[in-house]
Amino acid sequence: MQVNNSIPKKLKTWVHDVAILTNAETVHWCDGSEKEYDSLCQQLIKNKTFIPLNPTVRPHSFLARSNPDDVARVEDSTYICSQTAEEAGPTNNWSDPTEMKTKLTMLFHNSMTGRTLYVIPFSMGPIGSPMAKFGVQITDSPYVVCSMRIMTRMGNQALEHLTDDNWIPCLHSVGSPLVEHIKDVPWPCNPEKYIVHFPETREIWSYGSGYGGNALLGKKCFALRIASVMARDEGWLAEHMLIVGVTNPEGKKRYMMAAFPSACGKTNLAMLTPSLPGWKIETVGDDIAWIHFDKEGQLRAINPEAGFFGVAPGTSLASNPNAIKSLEKNAIFTNVALTDDGDVWWEGMTKKPPDHLMDWLGKDWTPQSNSKAAQPNSRFTVSAAQCPVIDPQWNSPEGVPISAILFGGRRSTVIPLVTEAFDWQHGVFLGASISSETTAAATGAVGQMRHDPFAMLPFCGYNMGDYFSHWLNMGKKKHAKLPKIYYVNWFRKNKNGEYLWPGFGENSRVLKWIFERAENTVEAQETPIGGVPKPGTLDISGLHLDADTLVELFNVDKKAWIQESESLANYFKLFGKHLPKAFNDEIDKLRKRL
Ligand code: OXD
Ligand code: MN
């Protein structure tokens, strides 16, 4: 598009300054049109970044293979550069903002040589929503531009609304200048990576990675890390949560939100096909929720994103048919395998793998191979509008009314299938007590237990102790109608290491119980750790769960819980004087109840 006078001066100046610093060859202002998207896709095909999929099986879709060293979020290289380390808190990497800016300025110097600098104005949230916020991403990656077009509302539709000071600058470079004689590669990146947030000045600088949350800066960097700081200051919440609408057979609808750590089934729950006849689930969002109490005290949530960047492995017609249907066309796949007829495949997509594939590295693969065909954190990127069960209210500017909040993790022992918090404070304590096994969503070891409060450990942009207090304070807002809070665990195992609960569509049974708790039509039974379904109130009709399994699913093992409370009390010491006193009270109360 033409750089015209309607562009705020501050934006023009920033783009101009970055173009000089990075030595970009040209500047392209993204209009967000389909024509622009198509032409970038063609360019990506030419550069071998995109492999076009067979248009008769998967129209208008592409496979990208990343550099094998750039496959996940890099938490060790992610920084919150507040003025002091204390403000970033004990769970974030911190560096002095001035020093970091000096270092990054050096890295960005000439980093776009030979490349086009793309300017992406975007909105997180439906344009016109009082909850929406604008950003402008500068990037030298056309793959990122295409992904941002799916994941956000971008281009002219956002640019029109920008003023000098209503947008967050998000600066991104893959850090791979095309100096003379250097030929471009399909996935340019740099071994040195920095994903940096400046919460006070509300800026994001990301260098060296082209992958996912490291590079699509509207997602984790803006909608969670920077937004959590804005939310603290403005009295709302930016959360790592899915949002679903649940309708009962009588046609009554309630919305719920759920926070689970990365790659623990948020997308599956958000698009769930209920096994219970007559129940319906519709998707508002699968990863992020921006939440506030409205004037009537009703908790409301919007999904700031416009697409899904979901984990591919394990997604199948059996586990998540709505995701599979969303992906029939117009999708970008990254690091999955390629079938001989030009389609995609990943572990778990079909029971029997194809006899031959090209794996995510572009090498021949057969079922006899010792490696995975798809990278464990391989992803699909697709517009939310393509989801067959997208909620009719998903674009609603005021957000959907929330009846229940769920927290959960991947825990093979101790945690029951569902527990209801006694009150808001106890619920906030439950959110803070999430721990889960690590997954491939971030680089590092997989399957190790770690505390992940509110599933926000990698995403909270300030001191997490203060974040706990912010949650507690939200519950003290005048007139706030507080929804009930739950802790769920689909992953509990028996002594033989088998899952006790079938999960997936059967999770609708737990949602039904939570729905009916909001209606006050079923009862909970008190245990030392919270309320569990009173016998007969969790609908297990047709499940063939034996009595022992049911007992095990809800068992509160006192010895294990004493240990759990000790481990939590120990973990909370990390937050020192920033830990709300209410948490120590909750630990004391828990110990007494045990
Ligand atoms: C994601 C994540 O990509 O949480 O959503 O890592
Ligand atoms: Mn996530």
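Here, every reference points to the structure presented above.
Residues numbered from 1 in each chain as written. Chains lettered and ligands numbered in written order. Predicted model: local features only at pLDDT ≥ 70, side-chain atom pairs only at ≥ 80, totals over all residues. Heavy atoms only, no water.

1. Structural notes on the overall build of the chain
Thought 1: Along the backbone of the chain there are 16 helices and 30 strands.
Thought 2: A compact globule built from 594 residues should have a C-alpha radius of gyration of about 25 Å, and the chain, at 24 Å, falls within 12% of that.
Thought 3: Its C-alpha atoms put the chain at 70 × 55 × 40 Å along the principal axes.
Thought 4: Taking all 594 residues of the chain together, the buried fraction comes to 62%.
Thought 5: When contacts within the chain are restricted to residue pairs at least 6 apart in sequence, those whose partners lie at least 24 apart make up 73%.
Thought 6: Side chains of the chain give 60 positive and 64 negative charges; the mean places of these two sets differ by 3 Å. (Helix = DSSP H or I, 4+ residues; strand = E, 2+ residues; numbered from the N terminus. Rg over C-alpha atoms; globule rule 2.2 N^0.38 Å. Buried < 20%, exposed > 50% of the residue type's maximum accessible area, 1.4 Å probe, protein only. Contact = heavy atoms within 4.5 Å. Lys, Arg positive; Asp, Glu negative; His and termini not counted. Charge placed at Lys NZ, Arg CZ, Asp CG, Glu CD.)

2. Let's talk about the environment of Phe50
Thought 1: Position of Phe50 relative to the elements: it lies in strand β2 (residues 50-52).
Thought 2: For the pair formed by Phe50 and Lys266, sequence separation is 216 residues and the distance between their alpha carbons is 27 Å.
Thought 3: The contact partners of Phe50, leaving out residues within four places of it in the chain, are Cys41, Leu44, Ile45, Phe62, Leu63, Ala64, Tyr143 and Ile332.

3. Notes on the side chain of Thr537
Thought 1: Structurally, Thr537 can be placed in the loop between β30 (530-533) and α14 (547-554).
Thought 2: Side-chain polar atoms of Thr537 contact the side chain of Trp513, separated by 3.1 Å.
Thought 3: Those residues in contact with Thr537, other than ones at most four positions away along the chain, are Trp513, Val522 and Glu523. (Polar contact = N/O pair within 3.5 Å; in protein donor to acceptor, adjacent residues only side chain to side chain.)

4. Digging into the pattern of salt bridges
Thought 1: Scanning the model with the defined rule gives 27 salt bridges in all.
Thought 2: When the shortest N-O distance is used, the salt bridge between Lys219 and Glu305 registers 3.0 Å. Here Lys219 is found in helix α8 (residues 218-234), whereas its partner Glu305 is found in the loop between β16 (299-302) and β17 (307-311), with 86 residues between them in sequence. Just as Lys219 is buried, Glu305 falls in that class too.
Thought 3: Close ionic contact of Lys512 with Asp539 constitutes a salt bridge, the shortest N to O distance being 2.7 Å. With Lys512 in helix α13 (residues 508-519) and Asp539 in the loop between β30 and α14, this residue pair connects regions lying 27 residues apart in the sequence.
Thought 4: Lys512 sits in the buried class, given a relative accessible area of 16%.
Thought 5: With a relative accessible area of 18%, Asp539 lands in the buried category.
Thought 6: A network of salt bridges, in which partner residues are shared, links Lys219, Lys220, Lys266, Asp287 and Glu305. (Salt bridge = Lys/Arg side-chain N within 4 Å of Asp/Glu carboxyl O.)

5. Points about empty space enclosed by the protein
Thought 1: Under the defined criterion, the tally for this structure stands at 1 cavity of 30 Å³ or more.
Thought 2: One number sums up the size of the largest cavity: a volume of about 130 Å³.
Thought 3: In this structure, the largest cavity is lined by 13 residues; those nearest its centre are Leu430, Ser433, Tyr487, Ile529 and Trp561.
Thought 4: Within the residue set of the lining of the largest cavity, elements represented by two or more residues are α11 (424-432) and α15 (558-572). (1 Å grid on protein atoms, 1.4 Å probe; cavity = no way out; pocket = protein on both sides within 12 Å on 5 of 7 lines; lining within 4 Å. Points joined across faces, edges and corners; volume = space filled by probe spheres on them.)

6. Structural notes on the site of ligand 1
Thought 1: All residues adjacent to ligand 1 are Arg73, Lys219, Lys220, His240, Ser262, Asp287, Arg379, Ala441 and Phe459.
Thought 2: Separating an oxygen atom of ligand 1 from a side-chain N or O atom of Lys220 is a distance of 2.9 Å.
Thought 3: In this structure, an oxygen atom belonging to ligand 1 sits 2.9 Å away from a side-chain N or O atom of Arg379.
Thought 4: Within the complex, 95% of the 210 Å² of free accessible area of ligand 1 lies under protein.
Thought 5: Of the residues that constitute the shell around ligand 1, the class distribution is 2 nonpolar, 2 polar and 5 charged. (Near = heavy atom within 4 Å. Areas by Shrake-Rupley, 256 points an atom, 1.4 Å probe, with all protein chains shown as cover. Nonpolar A, V, L, I, M, F, W, Y, C, P; charged D, E, K, R; others polar.)

7. Structural notes on the coordination of the manganese ion (ligand 2)
Thought 1: Distances from the manganese ion (ligand 2) to its protein donors, Lys220 (NZ), His240 (NE2) and Asp287 (OD), fall within 2.1 to 2.2 Å.
Thought 2: Every donor residue of the manganese ion (ligand 2) comes from the same chain, spaced as K-x19-H-x46-D. Here Lys220 is found in helix α8, whereas its partner His240 is found in the loop between β11 (237-239) and β12 (241-247), with 20 residues between them in sequence. (Donors = N, O, S within 2.8 Å, 3.2 Å for Na, K, Ca; no water.)

8. A closer look at the environment of Lys193
Thought 1: You can see Lys193 is positioned in the loop between β8 (167-173) and β9 (194-198).
Thought 2: Take Lys193: its relative accessible area is 10%, and that puts it in the buried class.
Thought 3: Each C-alpha atom of the pair Lys193 and Val174 lies 8.8 Å from the other, and the pair is 19 residues apart in sequence.
Thought 4: Every residue in contact with Lys193, bar those within four places of it in the chain, is listed here: Asp69, Asp70, Val74, Ser77, Tyr207, Gly208 and Ser209.

9. With respect to the packing of helix α2 (residues 34-46) against helix α5 (residues 142-151)
Thought 1: Remark: α2 packs on α5, axes separated minimally by 9 Å, with the N-to-C direction vectors making an angle of 145°. In this structure, α2 crosses over α5, and the sense of that crossing is left-handed. Within the contact between the two elements, α2 uses Glu34, Tyr37, Leu40, Cys41, Gln43 and Leu44 and α5 uses Pro142, Tyr143, Val145, Cys146, Arg149 and Ile150.
Thought 2: Looking at the contact of α2 with α5 residue by residue, the classes come out as 9 nonpolar, 1 polar and 2 charged. (Axes fitted to C-alpha atoms, helices over the stretch in contact; angles between N-to-C directions. Left-handed = near helix turned anticlockwise from the far one by under 90°.)

10. Some details on the layout of surface pockets
Thought 1: Considering only enclosed or pocket space, the second largest pocket measures out at about 460 Å³ in volume.
Thought 2: Taken together, 27 residues make up the lining of the second largest pocket; nearest its centre are Glu75, Ala442, Arg450, Leu457 and Pro458.
Thought 3: Those elements that provide at least two residues to the lining of the second largest pocket are β4 (78-80) and β26 (435-437).
Thought 4: At 3 residues, β4 tops the list of elements feeding residues into the lining of the second largest pocket.

11. Concerning helix α12 (residues 464-474)
Thought 1: Of all 11 residues that make up α12, 8 are buried, and the element is covered over most of its length.
Thought 2: Put simply, Asn463 is the residue that caps the front of α12, since its side-chain oxygen is 2.8 Å from the backbone nitrogen of Gly465.

12. Digging into the nonpolar core
Thought 1: Counting 131 residues, the largest nonpolar core has Trp290 and Phe572 as the members making the most contacts within it.
Thought 2: In terms of residue count, the dominant contributor to this core is α8 (9 residues).
Thought 3: Apart from residues lying up to four places away in sequence, Phe572 is in contact with Phe429, Ala432, Phe468, Leu579, Phe583 and Ile587. (Core = buried A, V, L, I, M, F, W, Y, C linked by side-chain atoms within 4.5 Å.)

13. Observations regarding the sheet that holds strand β23 (residues 379-383)
Working definition: the strands of a sheet are paired by backbone hydrogen bonds and lie parallel or antiparallel to each other.
Thought 1: Ordered by their spatial adjacency, 5 strands build an open sheet running β2-β3-β18-β23-β17, and the pairing between neighbours is mixed. At either margin of the open sheet sits one strand with a lone partner, and together these are β2 and β17. Strand-to-strand, the axes of this sheet are offset by a mean angle of 20°, without reference to chain direction.
Thought 2: Examined bridge by bridge, strand β3 (residues 62-64) and strand β18 (residues 332-334) share 3 bridges and lie parallel to one another. Its bridge partner being in β18, Phe62 is matched across the sheet by Ile332.
Thought 3: Across the sheet, α2 lies against β2, β3 and β18, angled at about 105° from β2, the strand it touches most. (Pairing = 2+ DSSP bridges.)

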